[in-house]
Amino acid sequence: MIELARRGLSDLGAALRLRSVWWALASEDVADSHRRTVLGPVWPLLNYLLFVGTLILILGDGGGKAHFTSYVAAGMLVWLFINDTLSMSVSLFAREEGFIKGTVLPISLYVLRQTLVIAIRSFYALLGAIPVLLYGGMELTPALLSVVPAIAVLLLTAPAVGVLLGIAAAYFPDLRFMVVNVTRLLMFLTPVFWMPAGAGGWRGALYHWNPLTHYIDIVRQPMIAGTIAWNSWAITLSITALLSVAALVMLGKFNRQIVFQL
Amino acid sequence: MVSIRATNVGLRYPVPRDVKLKGDTRTTVGGRFFAGGGRRYVTALDDVSFELRAGDRLGLVGGNGAGKTTLLKVLYGIYEPSVGSLEAEGRRDALFNIGLGFRHDATGRRNIVLRGLINGWSNREIEQRMEEIVEFSELGDFIDMPVRSYSQGMSARLAFAIATSFEPEILLMDEWIGAGDKDFQEKAKARLEKMVTKAGIIVLASHNNSLLGRVCNRIISLDHGRIAWDGKADEYFARPGVK
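Note that the structure is predicted; figures quoted are calculated from it, not measured.

The rules we used
Residues numbered from 1 in each chain as written. Chains lettered and ligands numbered in written order. Predicted model: local features only at pLDDT ≥ 70, side-chain atom pairs only at ≥ 80, totals over all residues. Heavy atoms only, no water. Helix = DSSP H or I, 4+ residues; strand = E, 2+ residues; numbered from the N terminus. Rg over C-alpha atoms; globule rule 2.2 N^0.38 Å. Buried < 20%, exposed > 50% of the residue type's maximum accessible area, 1.4 Å probe, protein only. Contact = heavy atoms within 4.5 Å. Areas by Shrake-Rupley, 256 points an atom, 1.4 Å probe, with all protein chains shown as cover. Lys, Arg positive; Asp, Glu negative; His and termini not counted. Charge placed at Lys NZ, Arg CZ, Asp CG, Glu CD. Pairing = 2+ DSSP bridges. Axes fitted to C-alpha atoms, helices over the stretch in contact; angles between N-to-C directions. Buried area = accessible area lost by both parts, 1.4 Å probe. Salt bridge = Lys/Arg side-chain N within 4 Å of Asp/Glu carboxyl O. Expected span 1.5 Å × (residues − 1). Core = buried A, V, L, I, M, F, W, Y, C linked by side-chain atoms within 4.5 Å. Parallel < 35°, antiparallel > 145°, perpendicular 65-115°, else oblique. Left-handed = near helix turned anticlockwise from the far one by under 90°.

Caption draft 1: Examining the overall build of chain A more closely. Helix and strand content of chain A: 12 helices and 0 strands. Taken from N to C terminus, the helices and strands of chain A fall in the order α-α-α-α-α-α-α-α-α-α-α-α. The C-alpha atoms of chain A give a radius of gyration of 19 Å, which matches the 18 Å a tight globule of 262 residues would have. Seen through its principal axes, chain A has C-alpha atoms that stretch 55 × 45 × 35 Å. For chain A, buried positions account for 49% of its 262 residues. Long-range contacts, defined as pairs at least 24 residues apart, comprise 77% of the intrachain contacts of chain A with a sequence gap of at least 6. Element-wise, carbon and sulfur atoms account for 72% of the exposed surface of chain A, whose accessible area totals about 12500 Å². Counting 17 positive and 12 negative side-chain charges, chain A places the averaged centre of each group 4 Å from the other.

Quick look at the structure:
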C-alpha cells in the first residue's frame, strides 16, 4: 500500500515538474473552446450570469430577498466547479488516448490539465459572481478571507476525484453514463438553490448528510453570513484527505496499466 | 554510455470483457491468447532478451502483429513489461505518431512550442530550434497561420521538421518516415539519414528489407511475440528465402 502510494507520488511529482506542458495544453483547451467567437472568454461568464439570473428570478419570489440572491450566486459557483469535475473526470483518460498511447508523459499530467481547465472556467464565473454577490449584500468581513483556503481545498479535491473516477471509468465504461445521470440528480439533491428550511425532514437530512453541501458551505457561508462553517471545514478536510490518499494508491497501482484499457 | 538491456521481457494485456472469443484462438497473426483468473489475456511479447550498445542498429522484422511495434513501445516506455526487466541508458526518442497533439486552431509556431514541451524540451531549447524548424519546413509566412489552414502535405512537413530537429541518443522508429512532395522528400531523406548516423542506438521496425539492409547491422525476427531469429544483418539477408 505504501509502495503504491509512493509510486503514485512519483507519477504526480513528475507531472508537477512538467507544469509548463499541462499549463500550455490547458490554455489551448480553454482558448480552443471559444476561438473565433466575438465574446471569447466572456462566454463562461455570461453562461453563469444567465443561469444564476434565471434561478434568482424564478425561485427568488421576484426579488426583495437579497439573501437568496447571494445564496444562489455562491452555491452555483461551487456547483459548476463540482459538476465540471465529475462530468469531465469520467472521460478523462479516454479523451487522452492518443497521448497515453503515444508519449511517456505521467498520467497525472492529464488530471492536472483537466483541473486547470475547470479552474480557469470557474475563474470567469467568479468574475460574474462578484457583482451579483455584492448586489446580494455580501459584506467584506474578515471571514471572507477564508474563501481563499476554501478554494484551495476545492482545487486539491478535484485532481483526487479526477484520478479515482478517471481510472474507475477506464475499467468500467458504464460509469460514464451513471455519473452523467447522478450528477444531474445531485444538482437537485444538493442545496444549491434551495434552503434547508427549519432543517427538518428530507431537506434537512440532505443538507447535513450530502458531503457536497459542505464543500459549498466553506465557500458560501463566509460570503452570505460573514461566518466560517467550521463543521463543514472539518468534514471537507477529512474527505479530501481520504480521497487524496485513495487517489495516490490508485494512481500507483494503475498508472502504467491504464494504457491497456483504452 | 548509451545502452539497452532487455531481460526476459514479456508483455501481456487483458482482452476486454465484452469481447467474446470463439473456438480456435491459434492465429497466424498477433500474440497468443491464454486464459487465467477468469479472464483472457493476449501475450504480445514473450521472453524477449537482447542487449544493445552504442553503434548498434537493430532492425525488427516479422509479420503483422508479431510484436514489432509493441516491442518499440516497451523500449520507449509506453508499456511497462509484465515480466522481465528493461534497462535503458540514454535519452530515448521515438518517431512514431509524429503528428500527435497538433492543435488545428493554433498557429504553426505555437504548435512547435507545444510539441517541443511534450517532447520534454526546455523553453530555451524550443527557442533555439524554432527558426531552424521553420526554415526546414519551408512554410514561410504560413507558420503564423492556424494549422487548420494547412494542406495535408504542409502539416506533414511541419510534423517531420519538429520530429527530426533533435539529436537522439536512442532512436526508435516504426517504419521509415517521410513527408511532403518530391523535393521535400529528398530533403527529408537526407535529414533522417544524418540523424540516424548521429544516433547512438537505433531500433527500426520495418517490412522493407532493402531499407533494413542499408541501415541496420543486426536483425531480430519476431514471431508471435517471441524472438525467432537474432543475429548479424548480413547473415540474416544471406539466409535462403530472405531477400
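Caption draft 2: Inspection of the sheet that holds strand 5 (residues 83-89) of chain B at higher detail. Residue and element names in this part refer to chain B. An order of 2-3-1-5 is seen for the 4 strands of this open sheet, with the pairing classed as antiparallel. In the strand order of this sheet, the two ends are held by strand 2 (32-36) and strand 5, each with one partner. Across the sheet, the mean angle separating the axes of adjacent strands is 35 degrees when strand polarity is ignored. Looking at chain direction, strand 2 and strand 3 (residues 39-53) are connected through 5 bridges and run antiparallel. The partner of Gly 36 across the bridge, within strand 3, is Arg 39.

Caption draft 3: Quick peek at the interface of chain A and chain B. Listed per partner, the contact involves 25 residues of chain A and 20 residues of chain B. Buried surface at the junction of chain A and chain B, summed over both partners, amounts to about 2100 Å²; 57% is from carbon and sulfur atoms. Its largest share of buried area at the contact with chain B, chain A owes to Glu 28, Arg 256 and Phe 260 of chain A, together 28% of the area lost on that side. Our count for the chain A to chain B interface comes out at 5 salt bridges. With a closest N to O distance of 2.5 Å, Glu 28 of chain A and Arg 110 of chain B form a salt bridge.

Caption draft 4: Broad picture of helix 4 (residues 152-163) of chain B. Residue and element names in this part refer to chain B. The end-to-end C-alpha distance of helix 4 is 16 Å, a good match for the 16 Å that 12 residues give at a rise of 1.5 Å each. Among the residues of helix 4, those classed as buried are Met 154, Ser 155, Arg 157, Leu 158, Ala 159, Phe 160, Ala 161, Ile 162 and Ala 163. Looking at the buried positions of helix 4, the neighbouring elements they touch are helix 2 (108-118), helix 3 (123-137) and helix 5 (182-198).

Caption draft 5: Inspection of the sheet that holds strand 9 (residues 218-223) of chain B at higher detail. All names here are of chain B. The strand order 6-7-8-4-9-10 describes an open sheet built from 6 strands, whose pairing is mixed. Lying at the two open borders of the sheet, with one neighbouring strand each, are strand 6 (92-94) and strand 10 (226-232). Between one strand axis and the next, the sheet turns through 15 degrees on average, direction left out of account. By the bridge criterion, 3 bridges tie strand 6 to strand 7 (residues 170-174) in an arrangement that is parallel. The residue of strand 7 that forms the bridge with Asp 93 is Leu 171. Sitting on the sheet, helix 1 (residues 68-76) is in contact with strand 4 (57-61), strand 6, strand 7, strand 8 (201-205) and strand 9, with an inclination near 155 degrees to strand 7. Each of strand 4, strand 7 and strand 8 touches helix 5; the most contacted strand, strand 7, lies at about 135 degrees to it.

Caption draft 6: Quick look at the nonpolar core. Ranked by size, the top nonpolar core spans 107 residues in total, and within it Phe 50, Leu 95, Leu 158, Leu 172 and Val 203 of chain B carry the most contacts. For this core, the leading source of residues is helix 4 of chain B, giving 7 residues. Ignoring sequence-local partners within four residues, the contact set of Phe 50 of chain B consists of Ile 4, Arg 5, Ala 6, Leu 58, Leu 71, Leu 75, Arg 218 and Ile 220 of chain B. Membership of the second largest hydrophobic core comes to 48 residues, among which are Val 147, Ala 158, Val 179 and Met 223 of chain A.

Caption draft 7: Quick look at the packing of helix 3 (residues 42-59) of chain A against helix 7 (residues 108-135) of chain A. All names here are of chain A. Contact geometry of helix 3 with helix 7 gives a least axis separation of 8 Å together with a crossing angle of 45 degrees. Between helix 3 and helix 7, the angle is such that the two are oblique. Like other packed secondary-structure pairs, helix 3 and helix 7 cross with a definite hand, here right-handed. Side by side, helix 3 and helix 7 meet where Pro 44, Leu 45, Tyr 48, Leu 49 and Ile 56 of the first sit next to Arg 121, Tyr 124, Ala 125, Leu 127, Gly 128, Ala 129 and Val 132 of the second.

Caption draft 8: Here's a closer look at the pattern of salt bridges. One pass over the structure, following the stated rule, counts 26 salt bridges over all chains. Glu 131 of chain B serves as the salt-bridge partner of Arg 109 of chain B, at 3.3 Å between the closest nitrogen and oxygen. Taken together, the positions of Arg 109 of chain B in helix 2 and Glu 131 of chain B in helix 3 put the pair 22 residues apart, joining distant regions of the chain. The exposure class of Glu 131 of chain B is partly exposed, given its relative accessible area of 48%. Beyond isolated ion pairs, a larger network of salt bridges with shared partners links Asp 29, Asp 32, Glu 96 and Arg 113 of chain A together with Arg 103 of chain B.

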